Amino acid sequence: MLPSRSMLNDIDTTTQWLLDRTRHRPKIAIICGSGLGQLAEMVEEADVFNYKDIPNFPVTTVVGHKGRLLIGILNGKCCVCMQGRFHSYEGHHMYKLTFPVRVFAKMGIKLMFATNACGSLNPSYNVGDLMIMRDHINLPGLTGLSPLVGLNDERFGARFVALSTAYERKLKTLAKEVAKNLGYNFIQEGVYMMQFGPCFETVAECKMARTMGADVMGMSTVPEVTVARQCGIRCFGLSLVTNKCIIDENTDVVANHEEVLEIGRMRSKDTQNLVYAMTGALDLEEYGVTNNNHEKV
Ligand SMILES: O=P(O)(O)O[C@@H]1C[C@H](O)[C@@H](CO)O1
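Only a predicted model underlies this, so the values are computations on that prediction, with no experimental measurement involved.

### Regarding the UniProt feature "binding site: phosphate" (unreviewed entry) in the protein chain
- Sites flagged by UniProt as "binding site: phosphate" (unreviewed entry) map to S34, H65, R85, F86, H87, A117 and S220. For the residues just named, distributed over 187 residues, the greatest C-alpha separation is only 13.5 Å, placing them together at one site.
- With respect to the element layout, S34 can be found in the loop between strand 1 (28-31) and strand 2 (44-50).
- Owing to a relative accessible area of 10%, S34 belongs among the buried residues under this scheme.
- The contact partners of S34, leaving out residues within four places of it in the chain, are G64, H65, A117, H257, V260 and L261.
- Judged by its relative accessible area of 6%, H65 falls in the buried class.
- In contact with H65, other than residues within four places in its own chain, are C32, G33, S34, T60, Q83, G84, R85 and H87.

### Thoughts on the environment of N138
- Among the structural elements, N138 can be located in strand 6 (residues 130-138).
- Through-space distance from the C-alpha of N138 to that of F196 is 9.4 Å; in sequence the pair is 58 residues apart.
- Setting aside residues no more than four positions away along its own chain, N138 makes contact with M194 and V222.
- Here G141 takes part through its backbone nitrogen, which lies 2.8 Å from a polar atom of the side chain of N138.

### Let's talk about unusual backbone geometry
- The omega torsion across G197 and P198 is 0 degrees, close enough to zero to call that bond cis.
- With respect to the helices, strands and loops of the structure, P198 is situated in the loop between strand 7 (187-194) and helix 6 (203-211).
- Phi is positive for N56, close to 75 degrees, though the residue is something other than glycine.
- Accessibility expressed as a relative area gives 26% for N56, which makes it partly exposed.
- You will see that T221, though not glycine, has its phi angle at about 70 degrees, which is positive.
- With respect to the helices and strands, T221 occurs in the loop between strand 8 (216-218) and helix 7 (222-230).

### Points about the site of the ligand
- Around the ligand, the structure places 13 residues, and the nearest of them are S34, H87, Y89, S220 and H257.
- Take S34: an N or O atom from its side chain is 2.7 Å from an oxygen atom of the ligand.
- Between the ligand and H257 there is a distance of 2.6 Å, counted from an oxygen atom to a side-chain nitrogen or oxygen.
- Across the complex, the protein chains shield 96% of the 350 Å² of accessible surface that the ligand would expose by itself.
- Among the secondary structure elements, those contributing two or more residues to the shell around the ligand are strand 5 (111-120) and helix 8 (257-266).
- For the shell around the ligand, a count of residues per class yields five nonpolar, seven polar and one charged.

The rules behind these values
Residue numbers here run from 1 along each chain, matching the order of that chain's written sequence. In keeping with the predicted nature of the model, local features appear solely for residues at pLDDT of at least 70, side-chain atom pairs appear and are counted solely at 80 or more, and the whole-chain, interface and lining totals rest on all residues. Heavy atoms from the whole structure form the basis of all side-chain values; hydrogens and water molecules are not counted. UniProt positions are given in the numbering used here, feature names are shortened, and annotations may be inferred rather than shown by experiment. Comment: elements are numbered from the N terminus, with helices defined as DSSP H or I runs of at least four residues and strands as E runs of at least two. When accessible area is computed with a 1.4 Å probe and restricted to protein chains, residues below 20% of their type maximum are described as buried, those above 50% as exposed, and intermediate ones as partly exposed. Any two residues whose heavy atoms approach within 4.5 Å are treated as being in contact. Whenever a nitrogen or oxygen atom comes within 3.5 Å of another N or O atom, the pair is scored as a polar contact, on the condition that within protein one atom can donate a hydrogen and the other can accept it, and that pairs from neighbouring residues in sequence are kept only if both atoms are in side chains. Here a residue counts as near a molecule or strand whenever at least one of its heavy atoms sits within 4 Å of it. Where accessible areas are quoted, they stem from the Shrake-Rupley method and a 1.4 Å probe; at the residue level, only the protein chains shown are allowed to cover. Asp, Glu, Lys and Arg are counted as charged, while Ala, Val, Leu, Ile, Met, Phe, Trp, Tyr, Cys and Pro are counted as nonpolar; the rest, among them Gly, fall into the polar class.

So, in structure tokens, the structure goes:
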């Protein structure tokens, strides 16, 4: 289903519904990937909403994605946090799965941190590494699937969106500095390729992706970042390597979601600490936030 004028109006309704129910006025959005939902537990003074109670919100169906929106304070900054995200393979139209990002834009969000679980193609990466997303390859996008297909509402941004600056350089630099201060020796920087899912890749697909320049494979993040960029939100992407993609036809080892969740739990504290420290170190004025009041006036 393509976006209609009434669906575009739904964004206004949902935004107002949330703003009427929280005293917070967030400037940063955080999306928790598979197994990374613990990130949300760091949010203090949180107003918590189940997705099923928020008008027009989709619902999550994937294990490891709790389905709650938290609005509160993280290391001195006001944030909205998605504890659980939506994926195309769940059957959501890309327009619908990125609906929360448009709501965030309306709420006044200036920065978005999107996290995800991924499989690694780069042989120098290890399971448990955190990869700063230098860039992405949008396989569904290149083959005709984008959240920006259909009616474009100019209130949100241009018809044609430049993505050569999809991931904010300053945020990548900040992440590297913060990781160094934390003493992390498991940080990588590379290219994330999104495939539609829900199947993990074949050996031939992994070989193709590697040849095309991807360091890791995943099934999310790119639609959210695409919409965020259309709305002028600056983005940071963080991928947790939960498994190695299988590039050998002669092995019986296979990827599985349980392993993804387990590695997520294992690196949960380190991921939390990185996001927490980055949030604290941000100078929001650099991102156009002139009024840093946490609460509505
Ligand atoms: O939401 P993310 O991208 O972190 O989830 C990944 C991709 C699939 O949804 C799932 C596969 O285990 O984890």
